Amino acid sequence: MTTSEHSLGALLQRMQTEGDLPALSEAIGAINRIAASDREGVNALSNQILKDFALTSKLLKLVNVAYYNQVGGGSISTISRAVMILGFDAVRSIALSLILFDNLKNRAHAQLLKEEFVKVLYAGMLAREMANQLQAADGEEAFISAMLHRLGRLLTMFYLPAETAAIAQRVENDGLGEARAATEVLGLSFEQLGMGIARNWGFPDQLVQSMKALADDKIRKSSVPAERLRALAGFSNELCDVMLNTPDAERSRALAKLTARFGDCLPLTQKQLSGLMEHSLREIGQFALAVNVNLKQSAFAQQASKWLGIAAETSEPAAVPLPDEAASQMALDAAVLHEHAAILASPDDTHDGAPRTPEQIQSVLTSGLQDVSNSLIDDKVSLNDILRMILETMYTGMGFAHVVLCIKDGRHNTMCGKFGFGDAVQERVKAFAFSMTAPPDVFLVALQNNADILITDIDEPNIATRIPDWYRQHVAARTFVLFPISVKGKPIGLIYADRENPGEIAIPERELSLLKSLRNQAVLAIRQSL
């Protein structure tokens, strides 16, 4: 083991003693595992995000504020629809930025860290805009690469403040470069620390390699993807430093020097760059609005606004002034999504705090129903996307522990699990594989009679014998509800939802009507696809 590897292991062990780093690592690692898997996709990403209901509500609020005017249609009220409209990679990068922000903001030196994060987030947004403009790399990869570019420095500030101060002191008093000062204090450079943690979190090697620091001389154009990402990340982060630290009188010279150094690999005119910088600043304003960050308190945001000739934020809620019509629409969208944020606080509120009101539950179901209705008239939306949105709405609205969709396999005359939502839901999905010709248990009765059935307790004497053996062997939930899907009088699918303990599912009349409407939308979607 090299000295740097030993130092990395020691630092990681120290950081793991911090209460929130293990949770941060697991959340980011889980999303990266989904992104790297050929077998998982939209449903797995949606399900992972839905496990954290604060993350869910902020992500829904952010995608509506940031993208609603671009994509049209009704407000986005499900993660599944957000992925469908914005794309897997876009939702992944938004989720990663929110996870980092939420896990790293609550520190004793919170304002300093928020300031650093605003700068990192702006670098990511600018790198994405440049990648899209130049077609130099995937925009979302560029976003993540730029956010990670100084990860080692960022995490040292968060988790090792004493060491951060010691490094700064050596730079200032002894005239050392930051890399050497960090190596003397930590045993390795910020770059080595960041790359080691990124590998530990499961980021692909291409993104890890893009975190390498750039040389001070001219950056040459490269055909290697990791080098293109590295150039985008390096430029956007260095531009942030120039914007924050350069006096007004030296602004033009500093910008010209930077663009000349990167001109071979990032050939942007000053007008193009200014447009991308302004667009990125507006995106920062939208992000700040979604996560309740006041940009008036950010020196970087104020300096960036000054550079671009945009008036800095003077009042809530808009972080950067927008045209009247756009500002009005943003305020309207934000108000609607504020209701969603409260609603989506957690289906487990009934266990951990005050239960949600019937009105809140009905609002989630109604919004999801509208989302599905909008998608049904969109030819670009697949059947699986619509069915996924229906299940997600039931899951978040009612606070079920698991929701599973089953579809009939006509060749074998069986009902088989397809996908679902909830913790370890794949185990539930695999459990559902039962014959349509078995003795008439509760599942077959629901299917054959097209009857919605609520089982309050599978061990009640009058129902225990109708619970099939396969269910008792593979599924622990003692209460569940069934919504059969029937087309032209023939059962072709089943929606199953559960909670762990007897009596935990109660469905009032209004909620039942909305759930039936969602099931009927599934029937309509399947009928349209035939």
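Computed from a predicted model, the values in this text were never measured in an experiment.

J.: Can you walk me through the overall build of the protein in this structure?
T.: A count of helices and strands for the protein gives 26 helices and six strands. Counting all 530 residues of the protein, 53% fall into the buried class. Residue pairs in contact within the protein that sit at least 24 positions apart in sequence constitute 67% of those at least 6 positions apart.

J.: How should the packing of helix α10 (residues 161–174) against helix α11 (residues 178–186) be read in this particular structure?
T.: In a packed pair of helices, the relevant descriptors are the angle between the two axes and the axis-to-axis distance. As a packed pair, α10 and α11 sit with axes 9 Å apart at the nearest point and diverge in direction by 135°. Of the possible angle classes, the one that applies to α10 and α11 is oblique. Seen along the crossing, α10 lies across α11 with a hand that is right-handed. Between α10 and α11, the residues in contact are Glu163, Ala166, Ile167, Arg170 and Val171 and Glu178, Ala181, Ala182, Glu184, Val185 and Leu186, respectively. For the contact of α10 with α11, the class distribution of residues is seven nonpolar, no polar and four charged.

J.: When you look at the pairing of strand β6 (residues 490–499) in this model, what are you seeing that I'm missing?
T.: Remark: a regular strand shows side chains that alternate across the two faces of the sheet. The buried fraction of β6 is high, at eight of 10 residues. Pairing between strand β1 (residues 402–409) and β6: six bridges, direction antiparallel. Residue pairing for β6: histidine 402 is matched across the bridge by aspartate 498. Pairing analysis gives nine bridges linking strand β5 (residues 479–487) to β6, with the strands arranged antiparallel. When the bridges of β6 are listed, proline 484 appears paired with leucine 494.

J.: Help me understand the packing of helix α3 (residues 42–50) against helix α5 (residues 79–86), please; the structure alone is not making it clear to me.
T.: Here α3 crosses α5 at 135°, and the two axes come no closer than 9 Å. In terms of orientation, α3 and α5 fall into the oblique class. Judged by the twist between their axes, the crossing of α3 over α5 is right-handed. In this structure, α3 contributes Val42, Leu45, Ser46, Ile49 and Leu50 to the contact, and α5 contributes Ile79, Ser80 and Val83.

J.: Before we go on, may I ask you to explain the pattern of salt bridges in this structure?
T.: Opposite charge on two side chains lets them pair, provided their charged atoms get close. For the structure shown, the criterion picks out 26 salt bridges. The partner of glutamate 184 in a salt bridge is arginine 180, with the nearest N and O atoms 3.2 Å apart. Linking glutamate 184 with arginine 180, this pair stays in helix α11, spanning four residues, or about one helical turn. A relative accessible area of 38% means that glutamate 184 is categorised as partly exposed. Residues arginine 411 and aspartate 409 are paired through a salt bridge, measuring 3.7 Å at the closest nitrogen-oxygen approach.

J.: Is there a simple way to think about the side chain of serine 189 in this case?
T.: Relative to the helices and strands, serine 189 resides in the loop between α11 and α12 (190–200). Residue class for serine 189 comes out buried when judged on its relative accessible area of 10%. Apart from the residues within four sequence positions on either side, serine 189 is in contact with Ala179, Ala182 and Thr183.

J.: Help me out: how do you make sense of the packing of aromatic side chains in this one?
T.: For any pair of aromatic rings, the description consists of the separation of the ring centres together with the inter-plane angle of the planes. All chains considered together, the criterion is met by 17 aromatic pairs. Taking the centre distance of 5.4 Å and the plane angle of 65° together, the rings of tyrosine 122 and phenylalanine 300 count as edge-to-face. Taken together, the positions of tyrosine 122 in helix α7 (residues 110–134) and phenylalanine 300 in helix α17 (residues 299–308) put the pair 178 residues apart, joining distant regions of the chain. Look at tryptophan 470 and tyrosine 471: their rings are 5.9 Å apart centre to centre, the planes differ by 80°, and that puts the pair in the edge-to-face class. Overall, tyrosine 471 belongs to the buried group, its relative accessible area being 0%. In textbook terms, an aromatic cluster arises when at least three aromatic residues are bridged by ring pairs, as seen for Phe432, Phe434, Phe443, Trp470, Tyr471, Phe480 and Tyr496. Arginine 388 extends its terminal NZ or CZ atom over the ring of phenylalanine 419, reaching a point 5.2 Å from the ring centre.

J.: What am I meant to see in the nonpolar core here?
T.: Nonpolar side chains tend toward joint burial in soluble globular proteins. Counting residues in hydrophobic clusters, the biggest one holds 142 residues, and the most contacted among them are Tyr122, Trp201 and Phe203. In terms of residues, this core owes the most to one element, α7, which gives 12 residues.

J.: Would you mind showing me how to read the pairing of β5 here?
T.: The buried fraction of β5 is high, at nine of nine residues. Side chains of β5 alternate between two faces, with Thr479, Val481, Phe483, Ile485 and Val487 and Phe480, Leu482, Pro484 and Ser486 buried alike. Sheet analysis places strand β4 (residues 453–455) next to β5, joined by three bridges and oriented antiparallel. Looking across to β5, one finds that leucine 454 is bridged to valine 481. The antiparallel pairing of β5 with β6 creates a hairpin that spans two residues between the two strands, and lysine 488 there sits at a positive phi of about 55°.

Rules behind the numbers
- Residues numbered from 1 in each chain as written.
- Predicted model: local features only at pLDDT ≥ 70, side-chain atom pairs only at ≥ 80, totals over all residues.
- Heavy atoms only, no water.
- Helix = DSSP H or I, 4+ residues; strand = E, 2+ residues; numbered from the N terminus.
- Buried < 20%, exposed > 50% of the residue type's maximum accessible area, 1.4 Å probe, protein only.
- Contact = heavy atoms within 4.5 Å.
- Axes fitted to C-alpha atoms, helices over the stretch in contact; angles between N-to-C directions.
- Parallel < 35°, antiparallel > 145°, perpendicular 65-115°, else oblique.
- Left-handed = near helix turned anticlockwise from the far one by under 90°.
- Nonpolar A, V, L, I, M, F, W, Y, C, P; charged D, E, K, R; others polar.
- Pairing = 2+ DSSP bridges.
- Salt bridge = Lys/Arg side-chain N within 4 Å of Asp/Glu carboxyl O.
- Phe/Tyr/Trp six-rings, centres within 6.5 Å; stacked < 30°, edge-to-face > 60°.
- Lys NZ or Arg CZ within 6 Å of the ring centre and 35° of its normal.
- Core = buried A, V, L, I, M, F, W, Y, C linked by side-chain atoms within 4.5 Å.

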